[in-house]
Every structure is written in structure tokens, then in C-alpha cells.
Amino acid sequence: MKNILVTGGAGFIGSHLCTRLINDGHHVVCVDNFFTGREENVAHLRGNRRFELLRHDVTWPLPLAKVDEIYNLACPASPPYYQNDPIQTTRTSVLGSMHALDLAHQVKAKVMQASTSEIYGDPDVHPQPEAYWGNVNTVGPRSCYDEGKRCAETLFMDYYRQYHVRIKIVRIFNTYGERMLPDDGRVVSNFVVQALRNRPITIYGDGNQTRSFQYVDDLIEGMMRMMATDDDFTGPVNIGNPREFRVEELARKVVAMTGSSSEIVFEPLPVDDPRQRQPDISLAKEKLGWQPTIQLEEGLRRMIAYFKQQISIPSTV
Ligand code: NAD
Ligand code: UDP
């Protein structure tokens with residue numbers, strides 16, 4: 001049994017990670033300020049003596065705790081949320097990473113950063129391998145997230161080189177699944193909720209931009225495998241599903257799978273919205289023996305079933 005700290009553990013991905021770690025027999029401390037996370041996301045773990053929930057903002061130093069591993073997930077990930085208070089978003093990525101790294105340094109824990117495909121920006125290399133440095137606007141509305149995450153990667157590598165902290169960096173590509181908020185604002189949850197409510201499906205731009213969608217269970221498996229690698233393998237490593245879809249294709253798939261009467265409407269494309277996104281997962285295959293196993297149709301089926309239960313909750317989406 002390991003003692004494991006998960007920042008952002010009450011969020012969408014964090015709650016799945018905490019559940020997996022508890023099921024594997026570990027002791028888990030979940031740290032969250034509930035900005036986009038919810039206590040309900042980890043309600044099923046509350047009675048477990050190996051689970052602790054701590055309300056804490058990671059822009060403040062983490063309490064000293066004897067932990068073996070830290071997963072640093074705290075950071076809003078959906079554009080409307082991370083752009084709501086952009087300075088707090090950068091503070092969360094940069095200061096939150098430093099605090100996770102400082103704790104890892106003090107107690108000699110291994111620490112993983114939840115980085116993102118957004119560090120590639122609007123990529124002009126396709127698909128994106130880890131060696132690609134990216135094409136990121138430093139001064140746009142997405143920059144607080146993209147540059148915050150890029151700086152976090154720098155900090156992780158510098159703590160590794162300077163202090164020999166055992167670090168891991170995963171670059172996560174668009175991930176969806178149960179426990180996303182109905183009003184999360186990201187495309188898969190938006191389309192599923194809109195379709196189930198028979199409300200207009202909002203495609204931003206012409207719908208020809210692409211994303212590669214990964215189901216959350218595949219991501220959790222990839223992160224666990226990465227944490228277990230030898231100390232000399234730091235990453236960054238891409239974790240994503242290489243099947244690439246146009247946003248309009250996704251919309252039509254969701255309408256068909258839900259049997260919705262929703263119409264598709266086209267709205268303005270947000271500033272700096274990346275045109276394409278597809279992971280090159282050769283490194284994950286080689287180093288982690290990992291590749292995704294759940295394809296979009298199966299993941300959507302599970303997500304639609306989940307949101308059918310949630311849909312009685314009123315929302316503005
Ligand atoms: P999420 O918004 O559901 O989860 C983020 C969690 O962090 C929430 O519980 C939120 O309350 C918490 N948080 C935010 N600011 C905090 C702060 N200052 N102090 C403490 N807690 C704070 O998003 P998610 O999709 O679960 O993403 C989790 C992590 O994975 C994020 O770091 C995100 O950048 C990264 N990621 C996610 C995706 C994706 O597609 N879901 C893709 C790339 C990277
Ligand atoms: N998108 C859309 N309709 C929505 C939400 C998002 O067409 O209701 C588009 C968005 O403009 C982007 C893609 O879907 O091109 C993925 O958006 P998301 O916010 O999920 O992820 P990110 O842009 O961060 O990859």
C-alpha cells in the first residue's frame with residue numbers, strides 16, 4: 001500500500017484516478033478547492049478509511065505529508081472555466097506545480113504532472129510527437145492555460161535536473177467520460193447534454209477542426225503505467241487516442257446515438273482554437289506498453305447513459 005496525494009482529485013479525471021487508486025489498495029489524500037470539482041464526484045469514497053478529502057487551494061503550499069507519490073491534476077481544464085479567472089489559472093499551474101514539487105522534494109516522493117496537448121498550441125506538425133515544441137500564442141485568451149502548463153513542464157524538468165526529484169510528465173489529449181460537469185463547456189459533454197435535452201448542438205466555426213477523443217479509463221491506465229516506470233524515464237509522454245474526428249462528425253454521431261431531435265447550429269469559432277489535434281503515441285506504446293482500448297462509440301455509449309441520469313439537473317447548456 002502506498003500513500004498517494006492527488007491534487008484536483010475531486011475533478012473529472014481526478015475522481016476516476018482516486019477511485020482506481022483506492023480500488024488498488026492505496027491510501028489516497030485528495031486535495032481540491034472545488035472550483036470545477038465536486039464533493040459528489042468522490043462521495044462513493046468518503047466512507048473508506050483509506051480515503052481523505054482536503055479542501056485546499058494549491059496556490060498555497062501543500063501541508064507536509066509523508067506521501068510516496070503525488071499526481072498533480074489541479075487546474076481547470078475547460079476553456080470557459082480556465083478563462084473565467086485567467087490569472088488564477090496561471091497561478092494554479094505554476095504555483096501549484098512548485099508546491100507539488102517542493103513537497104515531493106521534502107518527502108522524497110515521486111511526482112507526476114498532468115500536462116496537456118495544449119502545449120502544442122495550434123500545431124503545424126501532425127500528428128504531434130513529444131519532440132515537437134509547439135505553436136502557442138503567448139498573449140491570447142488561451143495562453144493562461146497553455147503557457148501555465150508549459151511553465152509547469154519546465155519546473156518539473158528543472159526540479160529533476162537541479163534537485164533530482166523523481167518526476168513524470170504526461171501530455172493528456174482531449175479526454176471525456178462520466179463525471180464531467182453537465183455545464184463543463186467542453187465539446188463531448190456539451191454535445192451529449194444538448195442532444196439529450198433536444199436543444200441545438202452548438203458547433204463552433206465550420207466544424208472542420210479536428211480532435212482525438214480519449215475515454216477516461218484509458219487515460220487512467222496510461223497514467224498508472226507512467227508512474228510505475230523507472231526513475232530515469234521522465235517523459236513527457238503523450239497519452240491520447242490517435243483516432244481523429246472532425247467536430248461536425250462528432251456532433252452527427254452524438255445526434256444519431258441519442259436519437260435526438262436537436263438541430264445543429266454554427267456559432268463563432270473561439271480565438272486561437274486549434275485546427276487539428278492528434279497524438280503520436282509511439283513513445284507510450286514503446287515505454288509503457290500502452291495504447292487505448294475503448295473507442296469513441298463505446299465511450300459515448302457510457303457517457304450518454306451517465307448523462308441520461310444526470311439530465312434532470314437543470315442547466316443552461
Ligand atoms: P476538472 O476541471 O474536472 O478538474 C480540475 C480539478 O482541479 C477540479 O476538481 C478543480 O476544482 C481543481 N482545482 C482547480 N484549481 C485548483 C486550485 N487552485 N487548488 C486546488 N484545486 C484546484 O478537469 P479535468 O478534465 O479533470 O482535468 C484534470 C487535469 O488534467 C488538469 O490539470 C487538466 O489540465 C489536465 N488535462 C485534462 C484534459 C482533458 O481532456 N480532460 C486534457 C489535458 C490535460
Ligand atoms: N466546440 C464546439 N462546440 C462546443 C464546445 C466546443 O464546436 O459546444 C469545439 C471547440 O471550438 C474546439 C473543439 O470543439 O474546436 C474542442 O473543444 P474543447 O473545449 O472540448 O477542447 P479544446 O479546444 O481545449 O481542445
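This section reports on the structure supplied with the text. Once a new chain begins, its residue numbering starts again from 1 and follows that chain's sequence as written. Starting at A for chains and at 1 for ligands, labels are handed out in the order in which the entities are written. In view of the model being predicted, local features appear only for residues whose pLDDT reaches at least 70, and side-chain atom pairs are presented and counted only at 80 or more, with totals across whole chains, interfaces and linings using the full set of residues. As a convention, hydrogens and water are excluded, and side-chain values are obtained from all of the structure's heavy atoms.

**Focus on the overall build of the protein chain**
Then comes step 1: When helices and strands are tallied, the protein chain shows 9 helices and 13 strands.
Then comes step 2: The C-alpha radius of gyration of the protein chain comes to 19 Å, within 12% of the 20 Å expected for a compact globule of 317 residues.
Then comes step 3: Throughout this description, buried means an accessible area under 20% of the type-specific maximum (1.4 Å probe, protein chains only), exposed means over 50%, and partly exposed covers the range between. When each of the 317 residues of the protein chain is scored for burial, the buried share is 58%.
Then comes step 4: Every residue pair with non-hydrogen atoms within 4.5 Å of one another is taken to be in contact. Considering only intrachain contacts with a sequence separation of at least 6, the fraction spanning at least 24 residues in the protein chain is 82%.
Then comes step 5: When the accessible surface of the protein chain is totalled, it reaches about 13,400 Å², and 51% of it is carbon and sulfur.
Then comes step 6: Taking the average location of the 35 positive side-chain charges in the protein chain and that of its 39 negative ones, the two points are 4 Å from each other. A run of DSSP states H or I qualifies as a helix once it reaches four residues; a run of E qualifies as a strand once it reaches two. Both are numbered from the N-terminal end. Our radius of gyration is a C-alpha quantity, and the globule rule it is checked against amounts to 2.2 Å times the number of residues to the power 0.38. Per-residue accessibility takes into account occlusion by the displayed protein chains alone, with areas from the Shrake-Rupley method and a 1.4 Å probe. In this tally, Lys and Arg are treated as positive and Asp and Glu as negative; His is ignored, and so are the chain termini. Here the site of a charge means NZ on Lys, CZ on Arg, CG on Asp, or CD on Glu.

**Things to note about the sheet that holds strand E4 (residues 69-72)**
Then comes step 1: A pair of strands counts as paired when DSSP detects no fewer than two bridges linking them. Spatial strand order, E3-E2-E1-E4-E5-E6-E11: 7 strands in an open sheet with parallel pairing. One side of each edge strand has no neighbouring strand; the edge strands of this open sheet are strand E3 (51-55) and strand E11 (237-239). The sheet shows a mean angle of 20° between the axes of neighbouring strands, direction not considered.
Then comes step 2: In this sheet, strand E6 (residues 166-172) lies alongside strand E5 (residues 110-116) in parallel orientation, the contact comprising 7 bridges. Residue pairing for E6: serine 115 is matched across the bridge by arginine 171.
Then comes step 3: Packed onto the sheet, helix H3 (residues 86-107) meets strand E1 (3-7), E4, E5 and E6 and runs at close to 175° relative to E4.
Then comes step 4: Here an angle of 0 to 180 degrees is reported between the N-to-C directions of two axes, which are lines fitted to C-alpha atoms, with helices fitted over the stretch in contact. Packing against the sheet, helix H6 (residues 216-227) makes contact with E4, E5, E6 and E11, and its axis sits at approximately 155° to E6.

**What to know about the nonpolar core**
Then comes step 1: Residues Leu17, Tyr71 and Met223 are the most contacted members of the largest nonpolar core, which totals 61 residues.
Then comes step 2: Tallying contributions element by element places H6 first for this core, with 7 residues.
Then comes step 3: One finds Val67, Ala74, Val107 and Leu155 within the second-largest nonpolar core, a separate group that totals 23 residues. Residues enter a nonpolar core if they are buried and are Ala, Val, Leu, Ile, Met, Phe, Trp, Tyr or Cys, with the set joined through side-chain atoms within 4.5 Å.

**Overview of the site of ligand 2**
Then comes step 1: Only a single heavy atom is needed: when it lies within 4 Å of a molecule or strand, its residue is near that molecule or strand. Ligand 2 sits among 18 residues. The nearest are Val187, Thr202, Tyr204, Arg211 and Asp273.
Then comes step 2: In this structure, arginine 142 approaches ligand 2 through a side-chain N or O atom, which is 3.1 Å from an oxygen atom.
Then comes step 3: N or O atoms closer than or at 3.5 Å make up a polar contact, with two conditions inside protein: a donor-capable atom paired with an acceptor-capable one, and, for residues adjacent in sequence, both atoms drawn from side chains. A distance of 2.8 Å separates an oxygen atom of ligand 2 from a polar atom in the side chain of arginine 211.
Then comes step 4: Elements with a minimum of two residues in the shell around ligand 2: helix H5 (187-196) and strand E8 (201-204).
Then comes step 5: Under the grouping applied here, Gly and all other residues not named as nonpolar or charged are polar, the nonpolar ones being Ala, Val, Leu, Ile, Met, Phe, Trp, Tyr, Cys and Pro and the charged ones Asp, Glu, Lys and Arg. Taken together, the residues of the shell around ligand 2 break down into 7 nonpolar, 5 polar and 6 charged.

**Concerning H3**
Since the α-helix packs 3.6 residues into each turn, any two residues three or four apart lie on the same face.
Then comes step 1: Under the convention used throughout, the expected extent of a helix is 1.5 Å for every residue step, that is, one less than its residue count. In this model, H3 (22 residues) spans 31 Å end to end at C-alpha, consistent with the 32 Å of a helix rising 1.5 Å per residue.
Then comes step 2: Turning to H3, its buried residues number three or more, namely Thr89, Thr92, Ser93, Val94, Gly96, Ser97, His99, Ala100, Leu101, Leu103, Ala104 and Val107.
Then comes step 3: If you follow the buried residues of H3, they end up packed against E1, E4, helix H2 (79-82), E5, helix H4 (143-163) and E6.

**Topic: the pairing of E6**
Then comes step 1: Across the 7 residues of E6, 6 count as buried, placing the element largely inside the fold.
Then comes step 2: Every crossover in which the path from the first strand over the helix to the second runs clockwise, viewed with the strands pointing away from the viewer, is termed right-handed. In the classification by handedness, the crossover that spans E5, the intervening H4 and the parallel E6 is right-handed.
Then comes step 3: Here E6 pairs with E11 via 3 bridges, running parallel. Across the sheet, arginine 171 pairs through a bridge with asparagine 238, a residue of E11.

**A short note on H5**
Then comes step 1: Most of H5 is tucked away, with 9 of its 10 residues classed as buried.
Then comes step 2: Listing the buried residues of H5 in full gives Val188, Ser189, Asn190, Phe191, Val192, Val193, Gln194, Ala195 and Leu196.
Then comes step 3: Check the buried side of H5 and you find it contacts strand E7 (175-176), E8, helix H7 (247-258) and helix H9 (296-310).
Then comes step 4: Positive phi appears at asparagine 198, one or two residues downstream of H5, with a value of about 55°.

**Observations regarding the packing of aromatic side chains**
Then comes step 1: Only rings of Phe, Tyr and Trp enter the pairing, Trp through its six-membered ring, and a pair is recorded when the two centres are within 6.5 Å. The plane angle decides the type: under 30 degrees is stacked, over 60 is edge-to-face, the rest tilted. All chains considered together, the criterion is met by 7 aromatic pairs.
Then comes step 2: Where tyrosine 120 meets tyrosine 132, the ring centres are 5.9 Å apart and the plane angle is 20°; that geometry is what we call stacked. Here tyrosine 120 is found in the loop between E5 and H4, whereas its partner tyrosine 132 is found in the loop between E5 and H4, with 12 residues between them in sequence. Taken as a pair, tyrosine 120 and tyrosine 132 share a single burial class, namely buried.
Then comes step 3: Among the aromatic side chains, those forming a connected cluster through ring pairs are Tyr120, Tyr132 and Phe173.

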